[in-house]
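Survey of secondary and tertiary structure
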Amino acid sequence: MDPQLFRRTMGRFATGVTVITVADGESVHGMTANAFMSVSLDPSLIVVSVDRRARMHERLRLATHFAVSILAADQKPLSLHFAGRTDPTLAVTFVRRGPWAFLPGVLAEIGCTVHARYDGGDHTLFLGRVEHLAPYEGEPLVFYQGQYRTLADPVQV
């Protein structure tokens, strides 16, 4: 299988954009991820897929908790920052809720305990049991074909 063809084909699936965080004492470490989805309603489970080469991989491997911040349409600079394109002028703050650290102004906060870890080839699938939820109003940041997008008006059926 050609890896570039695989990547281009998977890019045809539009996703939201999240930042995954792990709080370690006073420090917070984060990573942009769009390989995220809900898994189960009962129990409430989500999964995030993380490249084994990512710095965040080891932090998640050792963590007992992690947080997911679902980004709003105006939060592209935060997505870029946590994807490794840091902007020294960007002031990054977090909202602490128990063992979790969330970005302010997001569409949703999802706080998890690590439920399981699964091998996924060159990635690890981190299954999180949802312990905290907070949805907010707004428009999502979308990623499609390697570019950030926003939603168009809803299609009338």
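Only a predicted model underlies this, so the values are computations on that prediction, with no experimental measurement involved. (Residues numbered from 1 in each chain as written. Predicted model: local features only at pLDDT ≥ 70, side-chain atom pairs only at ≥ 80, totals over all residues. Heavy atoms only, no water.)

Residue placement: T18 occurs in strand β2 (residues 18-24). Among the residues examined, T18 registers a relative accessible area of 2% and is labelled buried. From its side chain, T18 meets the backbone oxygen of A33 in a polar contact 2.6 Å long. Excluding residues that lie within four positions of it along the chain, T18 makes contacts with M31, T32, A33, F36, V68, S69 and I70. (Helix = DSSP H or I, 4+ residues; strand = E, 2+ residues; numbered from the N terminus. Buried < 20%, exposed > 50% of the residue type's maximum accessible area, 1.4 Å probe, protein only. Polar contact = N/O pair within 3.5 Å; in protein donor to acceptor, adjacent residues only side chain to side chain. Contact = heavy atoms within 4.5 Å.)

Right, let's talk about the pattern of salt bridges for a bit. Scanning the entire structure with this criterion turns up four salt bridges. Of the charged contacts in the structure, one is a salt bridge between R52 and D119, with a shortest N-O distance of 2.1 Å. Pair noted here: R52 is in the loop between β5 (45-51) and α2 (55-62) and D119 is in strand β9 (residues 108-120), with a separation of 67 residues, a long-range link. Residue class for D119 comes out exposed when judged on its relative accessible area of 60%. Linking R61 and E58 is a salt bridge whose minimum nitrogen-to-oxygen distance equals 2.7 Å. Of this pair, R61 and E58 both sit in helix α2, three residues apart, which is roughly one turn of that helix. When its relative accessible area of 36% is taken as the criterion, E58 is described as partly exposed. (Salt bridge = Lys/Arg side-chain N within 4 Å of Asp/Glu carboxyl O.)

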